[in-house]
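Chain and residue survey
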Amino acid sequence: MGLRSPIPEFVEHAARDAVFGHSADHHLDGKTLESVRAEVDADHFAGTFNGMNESASWWTVAAVWDQLFPLRQARVNMCASLVPRGGALLDAGCGTGSLVRALLQAGVDAFGFDLDPGFVEQAKLALKTNSDRVSQGDLAAIETVFPVKVFDAIVCLGQTFPHLLTDSDIASFLEGASRRLKPGGALVLQVVAARDDR
């Protein structure tokens, strides 16, 4: 039995996020859920994904991720405020590395990791000479990424934290993150709840 394509669910999340946003600074005025679904073009994505393995599928999504989910300046500002000037921040589940790139431009010593090789490849391409600031890694094995670094802050934003599906993986991530932080450092988690449109 083949893998169930994640695309219908992905497109639905993209459409909902574009209309309702994760916060007040991210919305498209006048858009309806139906119009954004049409713009995201579920049929196109579903066709792209048919017959591909899971890793190849997510590489395809990674190539357009920043167009579907543009980085908001409010997120960059919030993350930069967590560390002193030049302080170190780790983006756990960095996707295409857009936050890492923006924070580097803001003077933050930023690093990131992601489990998916397609996202990591996109991040490395975009970071160019700073490509060593992104690596492939698992949230539950956070202690293995950039093992000699300690951080003023670790952020795990968007839909990343819910990928930890077991209590033991959650515990591994939280315990590992606490050991990667400098004394007084901050761990910031975002948990996005499902919305009820009624």
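Residues numbered from 1 in each chain as written. Predicted model: local features only at pLDDT ≥ 70, side-chain atom pairs only at ≥ 80, totals over all residues. Heavy atoms only, no water.

Here's the deal with the environment of aspartate 91
Structurally, aspartate 91 is set in strand S1 (residues 88-92). Overall, the relative accessible area of 5% leaves aspartate 91 in the buried class. Residues aspartate 91 and cysteine 156 lie 65 residues apart in sequence; the distance between their C-alpha atoms is 6.1 Å. (Helix = DSSP H or I, 4+ residues; strand = E, 2+ residues; numbered from the N terminus. Buried < 20%, exposed > 50% of the residue type's maximum accessible area, 1.4 Å probe, protein only.)

Observations regarding the confidence of the model for the chain
For the chain, the mean per-residue pLDDT works out to 76, and 64% of the residues sit at or above 70. A low-confidence stretch, residues 1-33 (pLDDT under 50), is modelled with 64 contacts involving residues beyond four sequence positions or located in other chains. Confidence drops under pLDDT 50 across residues 36-56; counting only partners more than four residues distant or on other chains, this segment forms 35 contacts. (pLDDT = per-residue confidence, 0-100. Contact = heavy atoms within 4.5 Å.)

What about the sheet that holds strand S5 (residues 181-189)?
Spatial ordering of the open sheet is given by S3-S2-S1-S4-S5, a layout of five strands whose pairing is parallel. Of all the strands in the sheet, just strand S3 (134-136) and S5 have a single pairing partner and so form its edges. The mean inter-strand angle of the sheet, taken between neighbouring strand axes irrespective of direction, is 20°. Here five bridges tie strand S4 (residues 151-156) to S5, and the two strands are oriented parallel to one another. Paired with cysteine 156 across the two strands is leucine 189, which belongs to S5. Helix H7 (residues 117-127) contacts strand S2 (109-114) and S3 of the sheet and is inclined by roughly 160° relative to S3. Those strands touched by helix H8 (residues 167-180) are S1, S4 and S5, and its axis lies near 140° from that of S5. (Pairing = 2+ DSSP bridges. Axes fitted to C-alpha atoms, helices over the stretch in contact; angles between N-to-C directions.)

Considering unusual backbone geometry
The phi torsion at lysine 128 lies on the positive side, around 55°, for a residue other than glycine. Relative to the helices and strands, lysine 128 is located in the loop between H7 and S3. One non-glycine residue, phenylalanine 146, adopts positive backbone phi at about 45°. Position of phenylalanine 146 among the secondary structure elements: in the loop between S3 and S4. Judged by its relative accessible area of 14%, phenylalanine 146 is buried.

Let's talk about the packing of helix H5 (residues 73-80) against helix H6 (residues 98-105)
Packing of H5 against H6 leaves a shortest axis separation of 10 Å and a crossing angle of 60°. The element H5 and its partner H6 pack so that their crossing is right-handed. Residues Arg75, Val76, Cys79 and Ala80 of H5 pack against Leu99, Ala102 and Leu103 of H6. Grouping the constituent residues of the contact of H5 with H6 by class yields six nonpolar, no polar and one charged. (Left-handed = near helix turned anticlockwise from the far one by under 90°. Nonpolar A, V, L, I, M, F, W, Y, C, P; charged D, E, K, R; others polar.)

Things to note about the packing of aromatic side chains
Considering all chains together, one arrives at three aromatic pairs under this definition. Ring geometry for phenylalanine 161 and phenylalanine 173: centres 6.1 Å apart, planes at 55°, overall tilted. Residue phenylalanine 161 is found in the loop between S4 and H8, and its partner phenylalanine 173 is found in helix H8; the two are separated by twelve residues along the sequence. Comparing phenylalanine 161 with phenylalanine 173 shows no difference in burial state: the two are buried. Between the NZ or CZ atom of arginine 133 and the centre of the ring of phenylalanine 111, over which it lies, the distance is 4.5 Å. (Phe/Tyr/Trp six-rings, centres within 6.5 Å; stacked < 30°, edge-to-face > 60°. Lys NZ or Arg CZ within 6 Å of the ring centre and 35° of its normal.)

Re H6
Those residues of H6 lying buried are Ser98, Leu99, Val100, Ala102 and Leu103. A positive backbone phi angle near 90° is found at glycine 107, which sits one or two residues after H6.

Focus: the pattern of salt bridges
As enumerated under the stated definition, the model contains four salt bridges in all. Between aspartate 109 and lysine 149 there is a salt bridge, with its nearest N and O atoms 2.9 Å apart. In this pair, aspartate 109 is assigned in strand S2 and lysine 149 in the loop between S3 and S4, connecting sequence segments 40 residues apart. By relative accessible area, lysine 149 is classed as partly exposed at 22%. Across the pair aspartate 152 and lysine 182 runs a salt bridge, and its minimum N-O distance is 3.3 Å. With aspartate 152 in strand S4 and lysine 182 in strand S5, the pair connects residues that are 30 residues apart, well separated along the chain. Salt bridges linked by common partners bring Asp109, Arg133 and Lys149 together as one network. (Salt bridge = Lys/Arg side-chain N within 4 Å of Asp/Glu carboxyl O.)

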